[in-house]
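Architecture at a glance
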Amino acid sequence: MPAALIGDRKEGYARLAGDGARSLHVRWHTGKPAKSLRPALDGYLERLRRDAQKAKLTFRSEVAEEQGTLLYKWQSEQQGRGVVFRDADAPRMFFLEVVGARKDSLLPVVRGVRASFHTHDGERELWSVAGVGAWLPKGMKVAKKQFLAGRAALQFEVRGTMVRMERWSFAEQLVAKHGLTGWAHSALALPMEPTATSEFEASLSHSKWMVATEALVRLRPEANQIEALVLRTRRQTPRLDPSWWA
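Only a predicted model underlies this, so the values are computations on that prediction, with no experimental measurement involved. (Residues numbered from 1 in each chain as written. Predicted model: local features only at pLDDT ≥ 70, side-chain atom pairs only at ≥ 80, totals over all residues. Heavy atoms only, no water.)

**Some thoughts on the overall build of the protein**
Within the protein, the regular secondary structure consists of four helices and 16 strands. Seen through its C-alpha atoms, the protein measures out along the principal axes to roughly 60 × 40 × 35 Å. Summarising the internal contacts of the protein: among those between residues at least 6 apart in sequence, 42% fall at separations of at least 24. Split by element, the accessible area of the protein, about 14100 Å² in all, is 53% carbon and sulfur. In the protein, 39 side chains carry a positive charge and 27 a negative one; their mean positions are 6 Å apart. (Helix = DSSP H or I, 4+ residues; strand = E, 2+ residues; numbered from the N terminus. Contact = heavy atoms within 4.5 Å. Areas by Shrake-Rupley, 256 points an atom, 1.4 Å probe, with all protein chains shown as cover. Lys, Arg positive; Asp, Glu negative; His and termini not counted. Charge placed at Lys NZ, Arg CZ, Asp CG, Glu CD.)

**Side note on the side chain of Thr233**
Within the secondary structure, Thr233 is located in strand E16 (residues 225-233). Of the polar contacts made by the side chain of Thr233, one reaches the side chain of Thr161; its length is 2.9 Å. Not counting chain neighbours up to four residues away, the residues in contact with Thr233 comprise Gly160, Thr161, Met210, Val211, Ala212, Pro238 and Arg239. (Polar contact = N/O pair within 3.5 Å; in protein donor to acceptor, adjacent residues only side chain to side chain.)

**A word on the nonpolar core**
In this structure, Leu5, Trp127, Leu136, Phe156, Val163, Met165 and Leu229 are the most contacted members of the largest nonpolar core, which totals 31 residues. Discounting residues that sit within four places of it in the chain, Leu5 has contacts with Tyr13, Ala14, Trp28, Trp127, Val142, Lys145 and Leu154. Core analysis: the next-biggest nonpolar cluster, separate from the first, contains 16 residues, Trp168, Ala171, Ala228 and Val230 among them. (Core = buried A, V, L, I, M, F, W, Y, C linked by side-chain atoms within 4.5 Å. Buried < 20%, exposed > 50% of the residue type's maximum accessible area, 1.4 Å probe, protein only.)

**Re the packing of aromatic side chains**
Applying the stated criterion across every chain, the model contains nine aromatic pairs. Taking the centre distance of 5.6 Å and the plane angle of 70° together, the rings of Tyr44 and Phe95 count as edge-to-face. Residue Tyr44 is found in helix H1 (residues 38-54), and its partner Phe95 is found in strand E7 (residues 92-100); the two are separated by 51 residues along the sequence. With centroids separated by 6.2 Å and ring planes inclined at 25°, the aromatic side chains of Phe59 and Trp74 adopt a geometry described as stacked. Remark: Trp74 occurs in strand E5 (residues 69-75) and Phe59 occurs in the loop between H1 and strand E4 (60-66); sequence separation between them is 15 residues. (Phe/Tyr/Trp six-rings, centres within 6.5 Å; stacked < 30°, edge-to-face > 60°.)

**Looking at the pairing of E16**
Extensive coverage of E16 is indicated by the burial of eight of its nine residues. Relative to E16, strand E12 (residues 161-169) runs antiparallel, the two being bridged by nine bridges. Bridge pairing in E16 links Glu166 to Ala228. Inspection of the sheet shows strand E15 (residues 211-220) paired to E16 by nine bridges, in the antiparallel sense. Following the sheet pairing, Leu219 is matched in E16 by Ile226. Linking two consecutive strands that pair antiparallel, namely E15 and E16, is a turn of four residues; a positive phi of about 50° is found at Asn224 within it. (Pairing = 2+ DSSP bridges.)

**Here we look at H1**
An ideal rise of 1.5 Å per residue puts 24 Å on 17 residues; H1 measures up with 24 Å between its terminal C-alpha atoms. Where H1 is concerned, the buried positions are Leu41, Tyr44, Leu45, Leu48 and Ala52. When H1 is viewed along its axis, its buried side chains cluster within an angular range of 90° and face the same direction. Turned more than 90 degrees away from the buried face of H1, the exposed residues are Pro39, Gln53 and Lys54. Check the buried side of H1 and you find it contacts strand E3 (23-30), E4, E5, strand E6 (79-86) and E7. Count one or two residues on from H1 and you reach Lys56, which has phi positive near 60°. (Expected span 1.5 Å × (residues − 1). Arc of directions from axis to C-beta.)

**Structural notes on the pairing of E6**
Taken across its eight residues, E6 has six buried, putting it largely inside the fold. Once E5 ends, the chain turns through three residues before running back antiparallel as E6. Two strands pair when backbone bridges link them, and E6 and E7 are joined in this way by eight bridges, in the antiparallel orientation. Bridged to Gly82 within E7 is Glu97.

**Concerning unusual backbone geometry**
A positive phi angle is found at Phe170, which is not glycine, with a value near 55°. Note on placement: Phe170 falls in the loop between E12 and helix H3 (171-175).

Structure, rendered in structure tokens:
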């Protein structure tokens, strides 16, 4: 479950809460490629060491190199295992770290996370959270976020354009009374007219005072969830279409 998300494509941090005491931390930073990843990792471990020292806790860490990446582990009141590497297509550095209780087995988890981790470059950027994903215009930044039981939402903004990506659980109950379009009008709280509808998809739009608002909504029965993308902009482009869905 997402617990924290800050930053943009250049630099940021995300934390996903797992079962028990385990959590996944992802940090990324864009800058001039350094000759070595080690100074960045050493600085991070030193901050952890100082924090442990202030709390009067012991702290141990180990670092190893493997195929151009750095594997590390640390142990204090909790323990962490992570990997540091560069994006092959852009000058970004990533920290992937799994934190858990001292008794947890974290190495298989961090190796699995690294194997499934991919980056993307192009005119659109992939954002995905809590089971919903979209390809958004490049350069958008997270402005607001909401993670609740049964609902997750991210709002992105850049130069007069806003995009909101949302996911609701319990879709069957939500659309049972008024259908997908009726539910969308109420849930999105936007005065939009449907331009295309079906049992599983709805497209809505509205324009006022030179501001265009569009929405795509889709029902995914296999996941029992509803997903929505809302775009509000004063520009002629971009325009929402199904290719935005990931």
